[in-house]
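Notes for the structure review
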Amino acid sequence: MVTVLYVNDREVRTRAPAGTTVLDVLREELDLTATKPGCRTGDCGACTVLVGSRAADDQQPVYELHNSCLTTLAMVQGCHVVTAEGLVGESLGPVQTALLDDGGVQCGYCTPGVVVALTWAMLSGTDPQRAVAGNLCRCTGYGGIRRACDRLPRRIPLETLLPQPVLAVAVALPALEPQSLDAGRGWVAGATDEIPEHRHVIAAHRRPTLLARVPQLRRIEDYGGGIELGSAVTIAEVQRSELIASRWPRLADHLELFGSPAVRAAGTVGGNLVHASPTADLAPPLLAMAARVVIVGVDGQREIALEHFFRDYHHVALRRGEMVLAVRIPDPVPGARLHLEKVAKRRLDDIATVSLAVVLQGSDPVAEIRIAAGGVAAFPLLLPATADTLRGRRIDVAAIREAMAVLAEEISPIDDVRGSKIYKRTLLGHLLVAALADGDADLAAEVIASAGSLP
């Protein structure tokens, strides 16, 4: 089967398996070696490319960052892939000039990915330093890269950034054809977890149904009483949604800690939940916000609370032939506060060690509260017993200490590379104190000072 895509200034037709990564096609078949292999897990950014696609009602394509090591040929069928080579015109562009002038180039291995990421920043109007959050420099040349970021303009039109031959392809790019669900072909969403863990299985895929191209799975809508997120909505789309910002403004900022810009452009709401990782970044906020999962299958449609969706480590309540159709988030009650915390070895572009989400209404007394955590059990966990100790009470030292004691019994962390179970239990307790104290430093200090007497 032939895959047709557009790479820089030309149309490409390849018979490579649809599950082959774009990185391998670029380097081995097209000899475009500026795109570098590094971690092959979406962590380093050395393989970053731009992927442009155009919907039928768009005048020009929209470009997103993608890790080509996590992007398969099937995902870019009909799309425009722009590599670092495709950004080279008759003279240096603003990104290359800034990196050279400010000492942002050392060994050069990471540089092509940085150039692509910063080009995307100017196309999308993203803060340049946020755009390169997923690009790791082996030479630790971050000072020069930061200086280059500071002098770049915040937004430049497509026709200014792309050389004329590449721009001609962008202008003529055909619109993508939507797909419909077809259970016989297999389903693929962003695959940002699936490819690193099951690379050889993905590579053998023929032509799966791409959930990102199923319109009914890409909607963010008001359903009357809340927001419905299609399961193939990307994390980046959640961040950009004005509807979500109007109801849950804290969520968009918190999602900056979800992977890298390239991962957020591909990773989906449904995929993050179905993977059921103990440290899934989206799960604790959605648990705290009382989200429900809409499931569709051969027996029809059903809806369950998210806390009943997770069953065990990487195991969820989907039956054979079922898939997640959408996630529903009820609107917050007036005065409700959403508190989110994530602690990892690196602040950006890393897996959580421990995360916490709290939705709290009132504090004197607490009218309602939901508490959820990640990294402290076999799957993301709602903590109803801890919440019960606080509901109807005034937030004071005694109430917080009792909640910390119950919390320590309600979770079951393990020792792993991200920390010991003792560290995780203690850390989550301190995050809970911060959430409940809500900026009252004296209250937090008093609780922590007296915590030595806790069992």
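See above for the structure.
Residues numbered from 1 in each chain as written. Predicted model: local features only at pLDDT ≥ 70, side-chain atom pairs only at ≥ 80, totals over all residues. Heavy atoms only, no water.

**Focus on the sheet that holds strand 17 (residues 368-374)**
Read from one edge to the other, the open sheet built from four strands follows the order 15-16-17-18, with strand pairing classed as antiparallel. Edge strands, defined here as strands with exactly one partner in the open sheet, are strand 15 (336-343) and strand 18 (381-382). Alignment of strand 17 against strand 18, held across two bridges, turns out to be antiparallel. By the bridge assignment for strand 18, Ala373 is matched with Leu381. Lying on the sheet, helix 18 (residues 421-437) is in contact with strand 15, strand 16 (354-361) and strand 17; it crosses strand 16 at an angle near 30 degrees. (Pairing = 2+ DSSP bridges. Helix = DSSP H or I, 4+ residues; strand = E, 2+ residues; numbered from the N terminus. Contact = heavy atoms within 4.5 Å. Axes fitted to C-alpha atoms, helices over the stretch in contact; angles between N-to-C directions.)

**Concerning the layout of surface pockets**
By volume, the second largest pocket amounts to about 950 Å³. As for the second largest pocket, its lining consists of 36 residues, and the residues nearest its centre are Ser53, Leu176, Ala212, Arg218 and Glu237. Those elements that provide at least two residues to the lining of the second largest pocket are strand 3 (48-53), strand 4 (62-67), helix 10 (235-240), helix 11 (242-247) and helix 13 (261-266). Looking at the lining of the second largest pocket, the element that brings in the most residues is strand 4, giving three residues. Residues of the lining of the second largest pocket, tallied by class, amount to 20 nonpolar, seven polar and nine charged. (1 Å grid on protein atoms, 1.4 Å probe; cavity = no way out; pocket = protein on both sides within 12 Å on 5 of 7 lines; lining within 4 Å. Points joined across faces, edges and corners; volume = space filled by probe spheres on them. Nonpolar A, V, L, I, M, F, W, Y, C, P; charged D, E, K, R; others polar.)

**A closer look at helix 18**
In this model helix 18 runs 24 Å from its N-terminal to its C-terminal C-alpha over 17 residues, within 8% of the 24 Å that 1.5 Å per residue would give. Those residues of helix 18 that fall on the buried side of the exposure criterion are Lys424, Leu427, Leu428, Gly429, Leu431, Leu432, Val433, Ala435, Leu436 and Ala437. Packing partners of the buried residues in helix 18 comprise strand 15, strand 16, strand 17, helix 16 (384-390), helix 17 (397-410) and helix 19 (441-449). Where helix 18 terminates, the next one or two residues include Asp438, which has phi positive at roughly 50 degrees. (Expected span 1.5 Å × (residues − 1). Buried < 20%, exposed > 50% of the residue type's maximum accessible area, 1.4 Å probe, protein only.)

**Details of the side chain of Ser277**
Looking at the element boundaries, Ser277 is found in the loop between helix 14 (269-274) and helix 15 (283-288). Aside from chain neighbours lying at most four places away, what touches Ser277 is His314 and Pro380.

**Details of the environment of Arg207**
As for its position among the elements, Arg207 is in the loop between helix 9 (199-203) and strand 7 (209-210). C-alpha of Arg207 to C-alpha of Ala74: the two residues are 133 residues apart in sequence and 6.6 Å apart in space.

**Some remarks on the nonpolar core**
The biggest cluster of nonpolar side chains holds 73 residues, and the ones touching the most others in it are Leu286, Leu306, Phe309, Phe310, Ile369 and Ile371. The leading source of residues in this core is helix 18, at eight residues. Aside from chain neighbours lying at most four places away, what touches Ile371 is Leu356, Ala357, Val358, Leu381, Leu382, Leu383, Thr386, Ala387, Leu390 and Leu432. Leu50, Cys110, Val115 and Leu152 belong to the second-largest nonpolar core, a separate cluster that totals 35 residues. (Core = buried A, V, L, I, M, F, W, Y, C linked by side-chain atoms within 4.5 Å.)

**Some points on a nonpolar patch on the surface**
The grouping of Leu92, Leu100 and Val105 at the surface amounts to a nonpolar patch, some 270 Å² of accessible area in total. Exposure remark for Val105: the relative accessible area of 34% places this residue in the partly exposed category. (Patch = residues over 30% accessible without salt bridge, like charges linked within 9 Å, V, L, I, M, F, W, Y side chains within 5 Å. Areas by Shrake-Rupley, 256 points an atom, 1.4 Å probe, with all protein chains shown as cover. Salt bridge = Lys/Arg side-chain N within 4 Å of Asp/Glu carboxyl O.)

**Observations regarding the sheet that holds strand 9 (residues 226-230)**
Taking strand neighbours across the sheet as the criterion, the five strands line up as 8-9-14-10-11 in an open arrangement whose pairing is antiparallel. If you trace the sheet from one side to the other, it starts and ends with strand 8 (220-222) and strand 11 (300-305), each paired once. Adjacent strand axes in the sheet meet at a mean angle of 25 degrees, parallel and antiparallel pairs treated alike. Bridge count for strand 8 against strand 9 is three bridges, and the pairing is antiparallel. Bridging from a neighbouring strand, Ile220 pairs with Leu229 of strand 9.

**A closer look at the packing of helix 17 against helix 19**
Remark: helix 17 packs on helix 19, axes separated minimally by 10 Å, with the N-to-C direction vectors making an angle of 50 degrees. In this view, helix 17 runs oblique relative to helix 19, as classed from their interaxial angle. As helix 17 packs across helix 19, the resulting crossing turns out to be right-handed. Contacts between helix 17 and helix 19 involve Val397, Ile400, Arg401 and Met404 from the first element and Leu443, Glu446 and Val447 from the second. Here the residues of the contact of helix 17 with helix 19 sort into five nonpolar, no polar and two charged. (Parallel < 35°, antiparallel > 145°, perpendicular 65-115°, else oblique. Left-handed = near helix turned anticlockwise from the far one by under 90°.)

**Focus on helix 7 (residues 164-172)**
When we look at burial in helix 7, the residues that qualify are Val166, Leu167, Val169 and Ala170. All buried residues of helix 7 project into a common sector of 155 degrees when viewed along the axis, lining one side. What points out from helix 7, more than 90 degrees from its buried face, is the exposed set Gln164, Val171 and Ala172. (Arc of directions from axis to C-beta.)

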